[in-house]
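Chain and residue survey
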Amino acid sequence: MTHTRKASRSARRPQPQLSPYDTGARCEAKPWIPYGERVTEVTPAENFGKVDFDDEESGTVCVAYLERDKDGGYTLHVAPLSEDRKVRVAVHYERGAARVDRAQASAAAA
């Protein structure tokens, strides 16, 4: 086999595609408490269920968690951890399951 033939075969191989996490298009989600941990003084209950989102440089952009309300609804908490970056919250509706009125969205943004 000639060198030219080897080169043409390797050029045809598909190159692995980078994921949205690799390119920085999507922040990587990392849970605060590893699965199987128990509530202790070191790992208090309020830390469970929180997820931080890291950028492509492993810097934490924000923390998010979902909490059940007394009325049976849910509140999603998003805490930006960088004052120099904008963090927007977009609510996506699927089959009418989620509802946020403009007053609630404006209050949450303030």
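The structure under discussion appears in the preceding block.
Read on for a plain summary of the structure. (Residues numbered from 1 in each chain as written. Predicted model: local features only at pLDDT ≥ 70, side-chain atom pairs only at ≥ 80, totals over all residues. Heavy atoms only, no water.)

Inspection of the sheet shows strand S3 (residues 60-68) paired to strand S4 (residues 74-80) by 7 bridges, in the antiparallel sense. For Cys 62, the partnering residue across the bridge sits in S4 and is Pro 80. Here S3 folds back onto S4 in antiparallel fashion, the turn holding 5 residues, of which Gly 72 has a positive phi close to 95°. (Pairing = 2+ DSSP bridges. Helix = DSSP H or I, 4+ residues; strand = E, 2+ residues; numbered from the N terminus.)

All right, on to the sheet that holds S3 then. Pairing within the open sheet is antiparallel, and its 4 strands lie in the order S1-S2-S3-S4. For this open sheet the edge positions go to strand S1 (28-31) and S4, each flanked by a neighbour on one side alone. The mean inter-strand angle of the sheet, taken between neighbouring strand axes irrespective of direction, is 25°. (Axes fitted to C-alpha atoms, helices over the stretch in contact; angles between N-to-C directions.)

A word on unusual backbone geometry. Despite not being glycine, Ser 58 has its phi angle at roughly 65°, a positive value. Following the sequence through the fold, Ser 58 ends up in the loop between strand S2 (51-54) and S3.

Moving on, we get to the packing of aromatic side chains. Both the distance between ring centres and the angle between the ring planes are used here to describe each pair of aromatic rings. On inspection of all chains with the given rule, the structure shows 0 aromatic pairs. Over the ring of Tyr 65 we find Lys 50; its NZ or CZ atom is 5.0 Å from the centre of that ring. (Phe/Tyr/Trp six-rings, centres within 6.5 Å; stacked < 30°, edge-to-face > 60°. Lys NZ or Arg CZ within 6 Å of the ring centre and 35° of its normal.)

What follows covers the pairing of S3. Residues in a regular strand point their side chains to alternate faces of the sheet. Relative to S3, S2 is paired through 4 bridges, and the arrangement is antiparallel. The partner of Val 51 across the bridge, within S3, is Ala 64. Hairpin connection of S2 to S3: 5 residues between the antiparallel strands, including Ser 58 at a positive phi of 65°.

Glancing now at the pattern of salt bridges. This model, assessed by the stated rule, comprises 1 salt bridge. Measuring nitrogen to oxygen at the nearest pair gives 3.8 Å for the salt bridge that ties Asp 54 to Lys 30. In this pair, Asp 54 is assigned in strand S2 and Lys 30 in strand S1, connecting sequence segments 24 residues apart. Residue classification places Asp 54 among the buried residues on the basis of a relative accessible area of 8%. (Salt bridge = Lys/Arg side-chain N within 4 Å of Asp/Glu carboxyl O. Buried < 20%, exposed > 50% of the residue type's maximum accessible area, 1.4 Å probe, protein only.)

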